[in-house]
Amino acid sequence: MKLFQKVTIIGVGLLGASLAKACKGRGLADEITGYGRNCENLRKAKDLKIIDHYFGDLSEAVSDADLVVLCTPVSTIVPLIQSLVSQVQPGTIITDVGSVKESVVHRADKLIPEDIFFVGSHPIAGGENSGLESSTASLYQDAKCIVTPTEKTDKTALKKISTLWHAVGMNVISLSVEEH
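Computed from a predicted model, the values in this text were never measured in an experiment. (Residues numbered from 1 in each chain as written. Predicted model: local features only at pLDDT ≥ 70, side-chain atom pairs only at ≥ 80, totals over all residues. Heavy atoms only, no water.)

## Observations regarding the pairing of strand S4 (residues 67-70)
Under the convention used in this document: Relative accessibility thresholds used throughout: buried, under 20% of the residue-type maximum; exposed, over 50%; partly exposed, between the two (1.4 Å probe, protein chains only). The numbering of helices and of strands both runs from the N terminus, where a helix is a DSSP run of H or I of at least 4 residues and a strand a run of E of at least 2. DSSP-based pairing: two strands are paired if at least 2 bridges between them are found.
Residue alternation in S4 divides its side chains into two sets, Leu67 and Val69 and Val68 and Leu70, and both sets are buried. Where strand S1 (residues 4-10) and S4 come together, 4 bridges link them in parallel fashion. Paired with isoleucine 9 across the strands is valine 69, a residue of S4. The pairing of S4 with strand S5 (residues 93-96) spans 4 bridges and is classified as parallel. Pairing of leucine 70 across the sheet is with aspartate 96, part of S5.

Below you can see the structure in the form of structure tokens.
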């Protein structure tokens, strides 16, 4: 069940690489691109066929993506949105995997223009090990994912993001950012 043409994963560590593996294994995207600050890690991810392409330039990485997933530390999510929002095509969905939602989601809602869509996500998954080497296509299986829609959240984008998390094996729960 293909959901996306091109998914760009920013931060190809444990969560990002596991999501890439799960998407590839389930045929959820035609193409997966990686972006991050560590080119050696990205090269390894491509060599291991976890991602199809990688770029050291953010605008190249998100160009033509219909989904951008921010798998980076919470403190970098809003600055990344500020940097990439002018680089993505209209209709692009942006989501994140951050554990902190209220400040991120409210700030994202202010930054995102009408023709780009943000859906806050918090997949509650991981392990004691981190990094690309610990990634697995089953990391998300039977774990919970909280999505945090707001008044501004596009209903179609919310449905697609919820479907993505379901498709990689998660139990999706929708909560307000305040409830989260």
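Now that the structure is up, let's keep going.
## Topic: helix H5 (residues 102-111)
For an α-helix, 3.6 residues make a turn, and residues three or four places apart therefore share a direction. The line we're drawing: The reported arc concerns the directions from the helix axis to the C-beta atoms and nothing else. Residue contacts follow a heavy-atom distance rule, with two residues in contact if any of their heavy atoms lie within 4.5 Å.
Listed in full, the buried residues belonging to H5 are Val104, Val105, Ala108 and Asp109. An end-on view of H5 places all buried positions within 130 degrees of arc, on one side of the element. Among the structural elements, helix H4 (74-84), S5, strand S6 (117-124) and strand S7 (144-148) are those in contact with the buried residues of H5.

## Observations regarding the environment of aspartate 109
Relative to the helices and strands, aspartate 109 resides in helix H5. Judged by its relative accessible area of 17%, aspartate 109 is buried. Residues aspartate 109 and valine 69, 40 residues apart in the sequence, show an inter-C-alpha distance of 16 Å. When neighbours within four sequence positions are excluded, aspartate 109 is seen to be in contact with Thr150 and Lys152.

## Focus: the pattern of salt bridges
Just so we agree on the cut-off: Within this document, salt bridges are pairs made up of a side-chain nitrogen of Lys or Arg and a carboxyl oxygen of Asp or Glu, the two lying within 4 Å of each other.
Scanning all chains against the criterion turns up 4 salt bridges. A salt bridge links lysine 44 to glutamate 133; the shortest N-O distance between them is 2.6 Å. Within this pair, whereas lysine 44 is found in helix H2 (residues 39-47), its partner glutamate 133 is found in the loop between S6 and S7, the two being separated by 89 residues in sequence. A residue is classified by how much of its surface remains accessible, and glutamate 133, at 56% relative accessible area, is exposed.

## Considering helix H1 (residues 14-26)
Short version of the rule: One fewer than the residue count of a helix, multiplied by 1.5 Å, yields its expected span.
Over its 13 residues, H1 runs 18 Å from end to end, which matches the ideal 18 Å to within 8%, given 1.5 Å per residue. Turning to H1, its buried residues number three or more, namely Leu14, Gly16, Ala17, Ser18, Leu19, Ala20, Ala22 and Cys23. Turning to H1, the residues buried within the fold contact S1, strand S2 (29-35), S4 and helix H6 (155-167). One or two positions beyond H1, positive phi appears at glycine 27, with a value near 65 degrees.

## Some details on the pairing of S5
Convention followed: We call a crossover right-handed when, viewed with the strands running away from us, the connection from the first strand over the helix to the second turns clockwise.
Here S5 shows two buried faces, one formed by Ile93 and Thr95 and the other by Ile94 and Asp96. What joins S4 to S5 is H4, and the crossover it makes is right-handed. Two strands pair when backbone bridges link them, and S5 and S6 are joined in this way by 3 bridges, in the parallel orientation. From the neighbouring strand, isoleucine 94 faces S6, where its bridge partner is phenylalanine 118. A crossover connection joins S5 to the parallel S6 through H5; in handedness this β-α-β unit is right-handed.

## Some details on the packing of aromatic side chains
What counts here: Any two rings among Phe, Tyr and Trp, with Trp reduced to its six-membered ring, count as a pair given centres within 6.5 Å; such a pair is stacked if its planes are under 30 degrees apart, edge-to-face if over 60, and tilted if neither.
Across all of its chains, the model carries 1 aromatic pair by this definition. An angle of 55 degrees between the planes, with centres 5.5 Å apart, marks the rings of tyrosine 140 and tryptophan 165 as tilted. Taken as a pair, tyrosine 140 in the loop between S6 and S7 and tryptophan 165 in helix H6 lie far apart in primary sequence, 25 residues in all. Judged by relative accessible area, which is 0%, tyrosine 140 ranks as buried. Judged by relative accessible area, tryptophan 165 falls into the buried class, the value being 0%.

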